[in-house]
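Residues per chain are reported as follows:
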Amino acid sequence: MKVISYNLRKHRAAGELAALVDAHAVDVLCLQECDTRDIPEEISGLRLAEATQRNRLGLAVYYRENTFRAVEVRAIALKKSLHDYVLKPAEERMLGVRLRDIDDGHEIIVASFHAAPLTALNSLRRHQIRTALAELQNLGPGLPALMVGDYNYPVFKENLGQAVRDQGYELTLSDSRTYTRYRFFRGHYDFATSIGFDIAHIRTLPQGLSDHLPILITATASATATTQPTGAA
C-alpha cells in the first residue's frame, strides 16, 4: 500500500494532488491544511472518505475506490494549545478511516494527523499524539493502524519515540527533512506512527507550493493476528 501525506499550506498546493497520485500510484491520500469547502469528491481514482467540518482549513482522507471500501470514519478534537484558543485554527486534529480491502476482506485504519504548532510545548503534542493513537484503536480494536501527517516535532524525537513505543506503536521518519521554510526550524516534521504494519520505507518527495514536502509511505499490513496496543493514553 502506498500512502501520501501532505500539508498543503493553507490549500496552496491543492493543484498538485492529481499529479502526485498518478505519479506514485497512491492508494491513500492524507491531507492537512486543506480547504474543506474546496476539495473534490474524487482525485485520479481516489474517493474522498471524509473531511473535517468545524473549520475551513482541516484534514481530509482519500482512498482508492477499486481497492477499498470506507467502513467508518472518525474526526477527533484533541487537547488545545494557547495558539488554538487565541487564533482558533482547526479543532479536529485527527481524522481516522477504517478501510476494508475489497478482495480479501481484511480491514485497516489510516489516519491524517496535524499536531499543535511550534508555539505549543512538546509535552502537549505528545499528549495529542497519545490520545490520537488510542482513538484509532477505538475505531477498530486490534486492527493495523497507520497515522501520518504533520507532527510539528522537529527536535527531541527520542522522547516522542519512547512515548509512541510505550503504546505499542512504532515511529518512522522519512529519508530526508520535510520542512524548509524557516532556516532554524528545518527538519523532519511529517512522519508516521504505526501498529501492525511493516513500513518498507518513507520517502520525502520534491517540494511544491507548500512549505512542507509531501512524504510517500510504502507499507504492508502484517499477516499476523490482530494487534493490541500495550498502553493507554
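Look up: the structure comes first, before these words.
Source: prediction; values computed, not measured.

What counts as what
- Position labels on residues start from 1 in each chain and follow its written sequence.
- Local features in this predicted model are restricted to residues whose pLDDT is 70 or higher, and side-chain atom pairs enter the listing and the counts only when it is 80 or higher, whereas totals over whole chains, interfaces and linings include all residues.
- Side-chain numbers come from the whole structure's heavy atoms, not from hydrogens or water.
- To qualify as a helix, a DSSP run of H or I must reach at least 4 residues; to qualify as a strand, a run of E must reach at least 2; elements of each kind are numbered from the N terminus.
- Think of it in three bands: residues with accessible area under 20% of the maximum for their type are buried, residues over 50% are exposed, and the middle band is partly exposed, with areas taken using a 1.4 Å probe on protein chains only.
- We call two residues in contact whenever any of their non-hydrogen atoms come within 4.5 Å of each other.
- Where accessible areas are quoted, they stem from the Shrake-Rupley method and a 1.4 Å probe; at the residue level, only the protein chains shown are allowed to cover.
- Stacked, tilted and edge-to-face are the three classes applied to pairs of Phe, Tyr and Trp rings, where Trp contributes its six-membered ring and a pair requires centres within 6.5 Å; stacked means planes under 30 degrees apart, edge-to-face means over 60, and tilted covers the rest.
- If DSSP finds at least two bridges between two strands, the strands pair.
- Salt bridge, as applied in this entry: a Lys or Arg side-chain nitrogen positioned within 4 Å of an Asp or Glu carboxyl oxygen.
- Pairs of N or O atoms within 3.5 Å make up the polar contacts considered here, provided that, within protein, one atom can donate a hydrogen while the other can accept it, and that residues adjacent in sequence are counted only when both atoms are side-chain atoms.
- We define the nonpolar core as a collection of buried residues of types Ala, Val, Leu, Ile, Met, Phe, Trp, Tyr and Cys that are connected through side-chain atoms lying within 4.5 Å of one another.
- Every axis corresponds to a line fitted to the C-alpha atoms, with the helix fit spanning only the stretch in contact, and the corresponding angles, defined between N-to-C directions, vary from 0 to 180 degrees.

1. Notes on the overall build of the chain
Summing up its helical and strand segments, the chain has four helices and 13 strands in all. Classification of the 233 residues of the chain by burial places 54% in the buried group. Pairs at least 24 residues apart make up 64% of the contacts formed inside the chain by residues separated by at least 6 positions. Looking at the chain as shown, the accessible area adds up to about 10,500 Å², and 50% of this sits on carbon and sulfur atoms.

2. Quick word on the packing of aromatic side chains
Across all of its chains, the model carries three aromatic pairs by this definition. A ring pair is formed by Tyr151 and Phe191, whose centres lie 4.4 Å apart and whose planes are at 25 degrees; its orientation type is stacked. With a gap of 40 residues between them, Tyr151 in the loop between strand 9 (145-150) and helix 4 (157-166) and Phe191 in strand 11 (residues 190-195) connect regions that are remote in the sequence. For the pair Tyr151 and Phe191, a shared accessibility class is recorded, and that class is buried. Relative to Tyr189, the ring of Tyr179 has its centre 4.5 Å away and its plane inclined at 35 degrees; by these criteria the two rings are tilted. Placement of Tyr179 in the loop between strand 10 (170-172) and strand 11 and of Tyr189 in the loop between strand 10 and strand 11 is noted, with a sequence separation of ten residues between them.

3. What about the pairing of strand 11?
Counting buried residues along strand 11, six of its six residues qualify, which places the element largely inside the surrounding structure. Here strand 11 shows a buried face lined by Asp190, Ala192 and Ser194 and a second buried face lined by Phe191, Thr193 and Ile195. Of the strand pairs in this sheet, strand 9 and strand 11 are connected by six bridges, and their pairing is antiparallel. By the bridge assignment, Val148 is partnered in strand 11 with Ala192. The sheet contact formed by strand 10 and strand 11 spans three bridges and is antiparallel. By the bridge assignment, Thr172 is partnered in strand 11 with Ala192.

4. Thoughts on the pattern of salt bridges
Under the definition given, this model contains nine salt bridges. The shortest N-O distance in the salt bridge between Glu135 and Arg74 comes to 3.8 Å. With Glu135 in helix 3 (residues 122-139) and Arg74 in strand 6 (residues 68-77), this residue pair connects regions lying 61 residues apart in the sequence. Overall, Glu135 belongs to the partly exposed group, its relative accessible area being 22%. Note that Glu107 and Arg98 form a salt bridge whose closest N and O atoms lie 2.5 Å from each other.

5. Points about the side chain of Asn152
Mapped onto the fold, Asn152 is located in the loop between strand 9 and helix 4. Side-chain polar atoms of Asn152 contact the backbone oxygen of Ala115, separated by 3.2 Å. Discounting chain neighbours no more than four positions away, the residues touching Asn152 are His114, Ala115, Ala116, Pro117, Leu118, Arg125 and Tyr189.

6. Thoughts on the nonpolar core
By size, the foremost hydrophobic cluster in this structure holds 22 residues, and its most contacted members are Met94, Phe113, Ile129, Leu136 and Met147. Among the elements that line this core, the one with the most residues is helix 3, at five residues. Ignoring anything within four residues of it in the chain, the contact list for Met147 reads Met94, Ala111, Phe113, Ile129, Ala132, Leu133, Leu136, Phe191, Ala192 and Thr193. Core analysis: the next-biggest nonpolar cluster, separate from the first, contains 21 residues, Cys30, Leu99, Val110 and Phe197 among them.

7. Quick look at the sheet that holds strand 13 (residues 215-221)
Strand order across the open sheet formed by seven strands is 3-4-5-2-1-13-12, with mixed pairing between neighbours. In this open sheet, the two strands that pair with only one neighbour each are strand 3 (42-43) and strand 12 (197-204). Relative to strand 4 (residues 46-51), strand 3 runs antiparallel, the two sharing two bridges. By the bridge assignment, Glu42 is partnered in strand 4 with Arg47. Against the sheet, helix 1 (residues 17-24) makes contact with strand 1 (2-7), strand 2 (28-35), strand 3, strand 4, strand 5 (57-64), strand 12 and strand 13, and its axis sits at roughly 155 degrees relative to strand 1, the strand it touches most.

8. Details of the side chain of Arg64
Mapped onto the elements of the fold, Arg64 is located in strand 5. With relative accessibility at 17%, the residue Arg64 sits in the buried group. A polar contact is formed between the side chain of Arg64 and the backbone oxygen of Val26, at a distance of 2.7 Å. Residue contacts for Arg64: discarding those within four places in its chain leaves Val21, Ala25, Val26, Asp27, Ser44, Gly45 and Leu46.

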